[in-house]
Amino acid sequence: MYSNSFKMNSLFKLAFLLLCINAIGQEKNLKNIQKLTFGGDNAEAYFSPNGNMLTLQVSNPKANIPCDQIYIYDLQSKTYSSDNLKLVSTGKGRTTCSYFMPDGKHIIYASTHASSADCPAPPKPHDGKYLWAVYPEFDIYMADLKGNIVKQLTNSPGYDAEAVVSPDGKKIAFTSTRSGDLELWTMNIDGTNLKQITNGLGYDGGSFFSHDSKKLVFRSSRPKTEADIADYKALLKENVVAPTEMEIYTCNVDGSDLKQITHLGKANWAPFFHPSDKKIIFSSNHHSTRGYDFQLYMIDIDGTNLKQITWESEFNAFPMFSPDGKKLVWSSNRQQNAARETNVFIADWVDSDENEKAKPELLKKHIAYLTSDELKGRLTGSAGEQKAADYLSAQFKSLGLKPYEGKDYIQKFDYKVRLNPHDSINSESIDNTGRNVIAYLDNKAAKTIVIGAHYDHLGLNEHNNSTKANSKGEIHNGADDNASGTSGVLELARMFSKNKATEKVNYIFALFSGEEDGLIGSKHMAETLKTKYPNVVAMINMDMIGRLNDKKELIVGGVGTSPEFKKLTEKNKPAGFNVTMEDSGIGPTDHTSFYLKDIAVLNFFTGTHSDYHKPSDDEDKINYTGVTNIVDYVFRMANDVADLDKVEFTKTKANAGKTRPKYKVTMGIMPDYSEHADGLHIDGVTENRPAQVAGIKEGDVLTKIGTFEIKDVYTYMDALAKINAGDILDVTILRDGETKVVKVKFE
Ligand SMILES: [Zn+2]
């Protein structure tokens, strides 16, 4: 028994710890999140003018509320429970969209009770389409807080609903089909002076006033193609709409100055102005690869600066700021006690530090410069590398960062370059000198984290690292490899040094050279790092983060090198990302140098592609939204690693305790470093090398070399270490599902 109770105890502790981690997690704008309702479907909760009450709609068959009814909720009550709910609609028909009147003693809401006491049926999906009903029986009523209807505000045939009151108390905005289409209308607070505000074909609805009462923000689905228009009209005849494509718009209260704010695709809805009226918070599933996954986002009113606000559960919508701007209320599927319940939550609102957000225009500026032909591909030791180093130093200097060592940011290293990297024996070698560019952000903390990326590339292919045949003399600009990661380090240096917070760690921002010749610069730095900075606990690397694909696939390596890394990687993952985690601290880039010095590491990588190590790896192919999201991801990770009490180092399985195997031969293939179930995927084949000579092609999957089973890049490297030059072995590959065996002569 005693071991069991011990287990329970530690489970409890673990659960509690997890809760804490979530609470201090990436929802940095939301502090002190509290659940207000407990079961059923609770939505559209909006504050009273003094912020002491909410009005909301509730349906909860278990609590005998089968059809949406309007309740008010007392926020003054000491504890948050269902007891704080009080019915204020008639209990008949269906109701929706309630809102407090300026006196705080009345509410308005839409209801179908006048036409029937029964609950109108929800719409059935047509051809699998999810539909919203726009019941023509809805009219807008005003009631006191005891539930007595004191006035009917609309009585025209057709849908009238979604009414909200302007903060100055003068106007009501609502949605109506009275013109024949779903449009926004306004009226005076007493129901007079009706005015049509929008007139585009489509569903304009769900409007809210700005805090100065001068503007409306709303969501609109405006069909464009003839087929979509016909579809929309046919559905509207049946009093339904398909809310799958909606964007956020603003206009003046008289309908002038109409602007489309979002162009995100999918469903962007439930907008509300930030207290500054300069930003809009809204719900969106634009990031989702599945459709249903609504998170809250914020965007500037000029349509820039999109930022994700919520990160938990698959439904977050109907956000509203309290009148004093200090709180946010919204509906969410988080903290469920039963499947499919939606509850109302309240949190303290914390405005973001704008400097803690990666700026795509700065990322672009850095990448554009580093990949300009002027730098001739940034070959280690070249004039182009020197120019790049000058640029990087100037960036660090402008941020007020200290040099890592000595008087400037440059750390030189000497090494020999093998001019044929595939042949260690018969290769001519030359002396070369490279320059790392390294800065230090001193937060006077007890721990230090290195954030790094290599900035060198292949130049004019002088060192024969290109995968394009006969490409000597062609500039290899290396936009993805690795101007992308370099720009990420520069942005993170800016974010961490210009933000208001002082982190609990110091940061070293390291830009390596010599990577393409064999991780030379990072090895040089790692060699003496711990004598200079004994408190380094982690190294985060970015190599090739510029090609995020449509499926948003990102590989995060090194998650096995510290016990907390997997959890943090999962928790901080941007919405819609498909992250593949790899345990090993060894990989084909610079984090390996630090792992081999027993430092916990992480590496971010968007995967290889057909332009890898070719002159065609250019700036115009960079996915800047992707880079921005990844840099923000790394920022959150670096913060969370900083928050850990201790960053423990664990050796990982693949090659644990060993150095990278030294192999004497190569095949001339470009392996895909991510793990696949069927074997090692081949991303590229070098001309006139053994694999190509034997007929192996890009896209083939390597499963066996001689008697060695090949599962991934590690088993591949292990096999190569045991093969001698001149050996002729059977190599098994999968091509389009078929097994083929070819003879390869290893060199
Ligand atoms: Zn490279």
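This structure is a prediction, so every number in the text was calculated from the model and none was measured.

Cut-off values and rules
Residues numbered from 1 in each chain as written. Predicted model: local features only at pLDDT ≥ 70, side-chain atom pairs only at ≥ 80, totals over all residues. Heavy atoms only, no water. Donors = N, O, S within 2.8 Å, 3.2 Å for Na, K, Ca; no water. Helix = DSSP H or I, 4+ residues; strand = E, 2+ residues; numbered from the N terminus. Buried < 20%, exposed > 50% of the residue type's maximum accessible area, 1.4 Å probe, protein only. Disulfide = S-S within 2.5 Å. Expected span 1.5 Å × (residues − 1). Contact = heavy atoms within 4.5 Å. Polar contact = N/O pair within 3.5 Å; in protein donor to acceptor, adjacent residues only side chain to side chain. Salt bridge = Lys/Arg side-chain N within 4 Å of Asp/Glu carboxyl O. Pairing = 2+ DSSP bridges. Axes fitted to C-alpha atoms, helices over the stretch in contact; angles between N-to-C directions. Parallel < 35°, antiparallel > 145°, perpendicular 65-115°, else oblique. Nonpolar A, V, L, I, M, F, W, Y, C, P; charged D, E, K, R; others polar.

### Examining the coordination of the zinc ion
At this site the zinc ion is bound by Asp481 (OD), Glu516 (OE), Glu516 (OE) and His613 (NE2), with donor distances of 1.9 to 2.3 Å. As a motif over one chain, the donors of the zinc ion read D-x34-E-x96-H. Of this pair, Glu516 sits in the loop between strand 31 (505-512) and helix 6 (520-532) while His613 sits in the loop between strand 35 (600-605) and helix 9 (624-643), and the two are 97 residues apart along the sequence. Comparing Glu516 with His613 shows no difference in burial state: the two are buried.

### Side note on the state of the cysteines
Applying the stated rule across the entire model yields 1 disulfide. Cys97 carries a free sulfur, and the closest cysteine sulfur to it, the one in Cys67, is 13 Å from it. A relative accessible area of 9% places Cys97 in the buried class. Unpaired in terms of disulfides, Cys251 finds its nearest cysteine sulfur in Cys97, a separation of 18 Å.

### Examining helix 4 (residues 383-398)
A rise of 1.5 Å per residue sets the reference length of helix 4, with its 16 residues, at 22 Å; its end C-alpha atoms lie 23 Å apart and thus fit the reference within 8%. Considered for burial, the residues of helix 4 that qualify are Gly384, Glu385, Ala388, Ala389, Tyr391, Leu392, Ser393, Gln395 and Phe396. Buried residues along helix 4 sit against helix 3 (360-370), strand 28 (410-418), strand 29 (429-441), helix 5 (479-498) and strand 31. Capping of helix 4 at its N-terminal end is provided by Ser382; its side-chain oxygen lies 3.3 Å from the backbone amide nitrogen of Gly384. Residue Gly400 follows helix 4 closely and has a positive phi angle near 75°.

### Some remarks on the pattern of salt bridges
Tallied over the full model, the rule gives 31 salt bridges. Across the pair Lys444 and Asp442 runs a salt bridge, and its minimum N-O distance is 3.0 Å. Given a relative accessible area of 26%, Asp442 falls into the partly exposed group. A salt bridge links Lys504 to Asp643; the nearest nitrogen and oxygen atoms lie 3.1 Å apart. Here the residue Lys504 occupies a position in the loop between helix 5 and strand 31, and Asp643 occupies one in helix 9, the gap between them amounting to 139 residues. In this structure Lys504 comes out as exposed when scored by relative accessible area, which is 53%. A relative accessible area of 33% means that Asp643 is categorised as partly exposed.

### As for the sheet that holds strand 16 (residues 215-221)
Think of a sheet as strands paired side by side through backbone hydrogen bonds, with each pair either parallel or antiparallel. Spatial strand order, 15-16-18-19: 4 strands in an open sheet with antiparallel pairing. Lying at the two open borders of the sheet, with one neighbouring strand each, are strand 15 (203-209) and strand 19 (259-260).

### Some details on the packing of helix 3 against helix 9
The relative placement of two packed helices is expressed as an angle between their axes plus a distance between the axes. Two elements in contact, helix 3 and helix 9, have axes separated by 9 Å at closest approach and are oriented at 110°. Regarding the angle of helix 3 to helix 9, the classification is roughly perpendicular. Together, Pro360, Leu363, Lys364 and Ile367 of helix 3 and Tyr624, Val627, Thr628 and Val631 of helix 9 make up the contact between the two elements. Residues belonging to the contact of helix 3 with helix 9 are distributed by class as follows: 6 nonpolar, 1 polar and 1 charged.

Nothing here speaks to function; it is geometry throughout.
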